[in-house]
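# What the coordinates show
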Amino acid sequence: MKKFLQLWSLILAPTFSFVLSAQEKQVVAIEYVRPYEYVVTENNLLAKAYLDLENVAAYRKVTFEDGSQTKIEHIEGKAAVWLPVIGLPQMMEIKGSGKNHNRTQLFTPLVTSDWDYFKDGTFHIISSSHQDIAWMDTPQACRHDRINEIIAPALDIMETDKAYHFGMEQALNLKEFIEEHPERKDEVIKRYKEGRFTWGATYNQPYEGMQMGEQLIREMYFGKLWIEKNFDGIEEITAYNTDVPGRTLQFPQILAKSGTENLFVSRMREGFYDWHSPDGSSVVTYSPGNYGWAAMFYKLFDEDAIEALVKIQNRVKMWSDYYRKHNLPPHFAIVLSNDASGPVDYGHIVKEWNSILSKTGAKFPKLRHSTVPGFLAEIKRSDAKLEYLEGSRPNIWSYIHGPGHHKAIDASREAGRILPSAEIFSAVDALLSKDFSEYPTDRLSKAFEESIYPDHGWGGKNGHITDSIFKDKLEFAASEANKMLRNSIRSISSKVRTEKDNAVLVFNDLSWVRNGLATVDIKGARSYYVVDAEGNKVASQVSATNKDQLHFFAPNIPSLGYKTFYLKKGNKQVKVAKEVTPNSLINEFYKIHFGNGGLTYLFDKDLNKEVIKSTRFSGGEVITLGYDGNGAGEFTQMTEPNMADYDKLGNHEANWSLIVDGPVFSEYGTSAKFKHTKVAQRIRVYHQEKKIDFFIDLLDWDGTHNREFRFALPLNMDNSRIKYEVPLAIAEVGKSEMKEAPRGWAWGGTYDQKPETVHPREVMNFISSENDDFAVTMATDVALADWIDPTREAVEYPVLQGVLLASHKSCHGEGNWYHQTGDHHFQFSMVSHRPSDSRSYHFGTSANQPLRTVRKEARDKDAELPQELSFFSTSDPMVRISTVKKSEEGDDVIVRLVEMEGRDKDPTVELAFPLQKLVKTNLIEKEEKELKGTGRQINVELGHNAIETYKLIFSE
């Protein structure tokens, strides 16, 4: 060894000089035999390799800096040698028959012995299968493959390999499997309790920002709660939403308050996060960067244990500092997942890896099968410093479900709004009857499940079938919701005392007192007018399209309750101060001019402010642009529209006509022929409340590819703040998002766009723009909204928009076009007001949930209920009652409250029924503690942005 070092010193000494031959200037290449051939020595492995040498016969052995040697064998004219697999880089000398043939160079073993932080750690192989309901094929074909090619084979492997683990990401897959194979239920439970086969805590993996609040909560009812009730009390603590590059504000709270501890995501920088909702609740969130790369890109286990050691060491070198900084245990996950991938048993590599570890005594991590919850249980020690994370990540795939599937998502949102209303009044009806036997438990459950069935896998192979199935389920849910709501309010109406014939009960399904338009059907409507219970006239007018329909303005309808009005024969009308011409209007609230494109002038008389700025667009403008994105896919920024075949209503001569004029509202209409559709525009101005409605019809749309349509409302506003509704919260652009770019990977690159710059965005019921002087709220019935001018030479002032329709293609290579031919109908409402989140929220929500009416033809003086009643109300109108429902266990009642303003509160809840006991539960109704509360009033503590659930026991 000493002589070798002396020789090497001479070679390196600057005073020593000689000329290298051409051959000696080249590094001798080492080519290992693949798959690796190796032998185990006392403390290492030796792998067979060939040295790329000229004059092979002249070389005899290799000597290493540490003194070890290995003989060169001459095999079929090649120089074969057995080289150490594990160790540190060192000098090697390839010795020949004479000094002139010796070659010296640095040798780096396949696996260095420096594993840094992970030298005594554990690597977890997490085998799973990423699942869209349908992407690789139709829902039925994918269901068949899940059951027969993924789940059943995984269970079969577990039967023979006691170390094997596998995971599915959602409860829906478990439900499908048990429906097909009920005989294997005990086997599933056994593997579950062994921790070897896990399932996600949510029903499926949706676009979180697409679902209404109670729909998003039902992900936990049909996921975690369903598993617990049907699988021997098993509590799944990990949720997955692996694919979608989008997170909504309140999802951590929904998970945490359902007893879910972990969230697995991807398309986000690899790491461990403590992700918080605005109320402060949080879940441990783990991302591997991209769920499919270990299997598709890195191919870590495609060969043998040595190749796995080589590749994994290269992957984890960068992670020692991260783990050290965050004080994490030395456990590292290798996620092996892919779309619809079946189970692969890498047990032979696990055994080989651990055998090498045992036999060589080398310091490198153990390898084991694992699951996400098993892995995170090792990570979450008390002194671990997870990265703090809060805020939303606007979904850059949102074009796919909103404008890409307008009618389906319209049905989804209708179901999301009306199903809780059906629950509320069905529960009220049961309480009034003191009997829950007629409560539509099964129908509500089925409708809610169908309303959340569509996940993130719209389109795909045979996507026209998938999209049709999704749409059918959503339309079924919306239809059922309306039927059940209608049945419940009719039943309640039968219990209301009425003093005269032709009573009209107006129902409010929101938890604050509201005014609004009510509509009732009666033959010969022109012969009637409306009075309240005290005989005071109420503004009314006949429908412009149905002579047997009467509209009237219903004031002060109680929270989650009703108020009685009466139809009287005659022609008495409420007088309204207004000036109306075919292209202008002045009333108590606004001065309005109608011109090309819509409203060319809108002056708010109360604010003394011109509201719109019509330099580029008119108020209510419809514009069409090119759009060549695909809605979802491996891109890192949302595709922007382009100016191909750009057109707008303002380019066409408007011929406004006054369709109807009355004390309730005046309505104007015009239309224009675009290149691929006819655009009909109606604008309704209300006289009893400050509100303007816009009705937009795209008629005979021909489905031309790569087109987009938007509704636009340009505002005369500087220094604006943009706010909008998300599930169970109000978000603000530039304030509510994650602060850093999410990173993580797609085939198109890295997600390096900061979330605050993403637009358009998913919205629920409204988007608003405000400054210190005034605000404008736009209620929208579409899923995607924007506030930035999308055209060339964009204006700087805010332009509130709804993205109506986009005819793009699925990103699947065999996917379908979302051409959406036919007629499409859209509605928007607007109001200008002083800055107020409560005004925006109440206006936006009310605009999309119309008052409901029931007509009682004959008087009913013997009924028990008064002519006006609130069944449930809160002392704070920004504490929303999200639902009132029958408990999952028994005939008690569940009430859920949501604080919408971002302030800690102590609201009082008023009840129409005497309470015996009050119990606080978690989000999925597991009891936590009994609270003080009896009688018809309860007081609770409600933190800012909190979602809290209570069980109300009305009888012992």
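In this text, all values refer to a predicted model and were calculated from it rather than measured experimentally.

Cut-offs used in this document
Residues numbered from 1 in each chain as written. Predicted model: local features only at pLDDT ≥ 70, side-chain atom pairs only at ≥ 80, totals over all residues. Heavy atoms only, no water. Helix = DSSP H or I, 4+ residues; strand = E, 2+ residues; numbered from the N terminus. Buried < 20%, exposed > 50% of the residue type's maximum accessible area, 1.4 Å probe, protein only. Contact = heavy atoms within 4.5 Å. Areas by Shrake-Rupley, 256 points an atom, 1.4 Å probe, with all protein chains shown as cover. Axes fitted to C-alpha atoms, helices over the stretch in contact; angles between N-to-C directions. Left-handed = near helix turned anticlockwise from the far one by under 90°. Nonpolar A, V, L, I, M, F, W, Y, C, P; charged D, E, K, R; others polar. Pairing = 2+ DSSP bridges. Salt bridge = Lys/Arg side-chain N within 4 Å of Asp/Glu carboxyl O. Lys, Arg positive; Asp, Glu negative; His and termini not counted. Patch = residues over 30% accessible without salt bridge, like charges linked within 9 Å, V, L, I, M, F, W, Y side chains within 5 Å. Charge placed at Lys NZ, Arg CZ, Asp CG, Glu CD. Phe/Tyr/Trp six-rings, centres within 6.5 Å; stacked < 30°, edge-to-face > 60°. pLDDT = per-residue confidence, 0-100. Core = buried A, V, L, I, M, F, W, Y, C linked by side-chain atoms within 4.5 Å. Parallel < 35°, antiparallel > 145°, perpendicular 65-115°, else oblique.

### Here we look at the overall build of the protein chain
A count of helices and strands for the protein chain gives 15 helices and 60 strands. Taking the principal axes of the C-alpha coordinates as reference, the protein chain spans close to 120 × 70 × 45 Å. When the 956 residues of the protein chain are sorted by exposure, 62% land in the buried category. Within the protein chain, contacts between residues at least 6 apart in sequence are counted, and of these 73% link residues at least 24 apart. Split by element, the accessible area of the protein chain, about 36,600 Å² in all, is 46% carbon and sulfur.

### What to know about the packing of helix α2 (residues 139-160) against helix α4 (residues 185-194)
Put simply, α2 and α4 touch, their axes get as near as 11 Å, and they point 65° apart. You can see that α2 and α4 cross each other, and the crossing is left-handed. Residues Leu155, Met158 and Glu159 of α2 lie in contact with α4, whose contacting residues are Glu187, Val188 and Arg191. Its residues assigned to classes, the contact of α2 with α4 shows 3 nonpolar, no polar and 3 charged.

### Some remarks on the sheet that holds strand β4 (residues 59-64)
Strand order in this open sheet of 4 strands is β5-β4-β9-β10, and the pairing throughout is antiparallel. In this open sheet, the two edge strands, each paired with only one partner strand, are β5 (69-71) and β10 (103-107). Sheet twist, expressed as the average angle between the axes of neighbouring strands with direction ignored, equals 25°. In terms of strand pairing, β4 meets strand β9 (residues 90-96) through 5 bridges, oriented antiparallel. For Phe64, the partnering residue across the bridge sits in β9 and is Met92.

### A closer look at the sheet that holds strand β39 (residues 692-701)
Ordered in space as β36-β37-β38-β39-β50-β47-β46-β41-β42, the 9 strands form an open sheet in which the pairing is antiparallel. Edge strands, defined here as strands with exactly one partner in the open sheet, are β36 (657-661) and β42 (729-732). Sheet twist, expressed as the mean angle between neighbouring strand axes with direction ignored, is 20°. The pairing of β36 with strand β37 (residues 665-673) spans 4 bridges and is classified as antiparallel. Each bridged residue has a counterpart across the sheet, and for Asp661 the counterpart in β37 is Ser666. Helix α15 (residues 837-848) rests against β41 (721-726), β42, β46 (766-770), β47 (775-780) and β50 (822-833) of the sheet, and its axis sits at about 150° to β50.

### Remarks on the pairing of β39
Within β39, 8 of the 10 residues are buried, which leaves it mostly tucked inside the rest of the structure. Here strand β38 (residues 678-686) runs beside β39; their pairing, made up of 8 bridges, is antiparallel. Each residue of the ladder has a partner; that of Ile683, found in β39, is Phe694. Turn length for the β38-β39 hairpin, with the two strands adjacent in sequence and antiparallel, is 5 residues. Sheet analysis places β39 next to β50, joined by 8 bridges and oriented antiparallel. The partner of Asp697 across the bridge, within β50, is His825.

### Things to note about the pattern of salt bridges
Tallied over the entire structure, the rule returns 67 salt bridges. The residue Arg903 makes a salt bridge to Glu901 at a minimum N-O spacing of 4.0 Å. Among the residues examined, Glu901 registers a relative accessible area of 25% and is labelled partly exposed. Residues joined by salt bridges that share partners form a network here, namely Lys257, Asp279, Lys920, Glu928 and Glu948.

### Things to note about the side chain of Lys224
The residue Lys224 is located in helix α5 (residues 213-230) in this model. Notably, Lys224 is buried but unbridged: the nearest opposite-charge side chain belongs to Glu235, and the N-O separation is 4.2 Å.

### Observations regarding the pairing of strand β31 (residues 590-595)
Where strand β30 (residues 584-586) meets β31, 3 bridges bridge the pair, whose relative direction is antiparallel. Note on β31: the bridge partner recorded for Ile586 is Lys591. Here β30 folds back onto β31 in antiparallel fashion, the turn holding 3 residues. In this structure, β31 lies alongside strand β32 (residues 598-604), joined through 6 bridges in antiparallel fashion. Across the sheet, Lys591 pairs through a bridge with Phe603, a residue of β32. As consecutive antiparallel partners, β31 and β32 are separated by 2 residues, and within that stretch Gly597 has a phi angle of approximately 95°, a positive value.

### So, unusual backbone geometry
At the junction of Arg34 and Pro35, the peptide bond is cis and its omega measures out at -5° in the coordinates. Along the polypeptide, Pro35 turns up in the loop between β1 (30-32) and β2 (38-40). Following His759, the chain continues to Pro760 via a peptide bond in cis, the omega torsion being -5°. Looking at the element boundaries, Pro760 is found in the loop between β44 (749-750) and β45 (761-762). The phi torsion at Asn502 lies on the positive side, around 55°, for a residue other than glycine. By the element assignment, Asn502 lies in the loop between α14 (463-493) and β22 (503-508). The class of Asn502 is buried, set by a relative accessible area of 14%. At Arg743, a position not held by glycine, the phi torsion is positive, near 60°. You can see Arg743 is positioned in the loop between β42 and β43 (745-746). Take Arg743: its relative accessible area is 40%, and that puts it in the partly exposed class.

### Comments concerning a positive patch on the surface
On the surface, Lys500, Lys537, Lys568, Lys572, Lys575 and Lys861 cluster together into a positively charged patch. Take Lys537: it is sitting in strand β25 (residues 537-538).

### Focus: the packing of aromatic side chains
Applying the stated criterion across every chain yields a total of 52 aromatic pairs. Between Phe272 and Phe375 the ring centres are 5.8 Å apart and the planes differ by 45°, which places this aromatic pair in the tilted class. Of this pair, Phe272 sits in strand β17 (residues 271-276) while Phe375 sits in helix α11 (residues 372-379), and the two are 103 residues apart along the sequence. Accessibility expressed as a relative area gives 3% for Phe272, which makes it buried. Exposure remark for Phe375: the relative accessible area of 0% places this residue in the buried category. Aromatic pair Trp701 and Phe709: ring centres 5.2 Å apart, planes at 85°, arrangement edge-to-face. In this pair, the class of Trp701 matches that of Phe709, namely buried.

### Some thoughts on the confidence of the model for the protein chain
When pLDDT is averaged along the protein chain, the result is 95, and 97% of the positions lie at 70 or above. A low-confidence stretch, residues 1-20 (pLDDT under 50), is modelled with 14 contacts involving residues beyond four sequence positions or located in other chains.

### Let's talk about helix α3 (residues 171-180)
With 8 of 10 residues buried, α3 lies mostly within the body of the structure. Turning to α3, its buried residues are Ala171, Leu172, Asn173, Leu174, Lys175, Glu176, Phe177 and Ile178. Tucked into the core, α3 has its buried residues touching α2, β13 (166-168), α4, α5 and α13 (441-452).

### Structural notes on the environment of Ser807
In this structure, Ser807 sits in the loop between β49 (799-806) and β50. Exposure remark for Ser807: the relative accessible area of 1% places this residue in the buried category. Separated by 192 residues in the primary sequence, Ser807 and Thr615 have C-alpha atoms spaced 29 Å apart. Not counting residues within four places of it along the chain, the set of residues in contact with Ser807 comprises Trp701, Gly703, Thr704, His705, Asn706, Arg707, Trp817, Tyr818 and His819.

### A short note on the nonpolar core
Counting residues in each nonpolar core, the largest one holds 116 residues, and the members touching the most others are Ile254, Phe871, Phe872, Leu897 and Leu952. Formed by 66 residues, the second largest nonpolar core is a distinct cluster that contains Leu53, Phe118, Ile356 and Leu357.

### Details of the packing of α5 against α13
For the pair α5 and α13, interaxial distance at closest approach is 10 Å and the crossing angle is 105°. Accordingly, the angle class assigned to the pair α5 and α13 is roughly perpendicular. On α13, the residues that touch Glu214, Gln215, Arg218, Glu219 and Phe222 of α5 are Ser445, Phe448, Glu449, Ser451 and Ile452. Of the residues assigned to the contact of α5 with α13, the class counts are 3 nonpolar, 3 polar and 4 charged.

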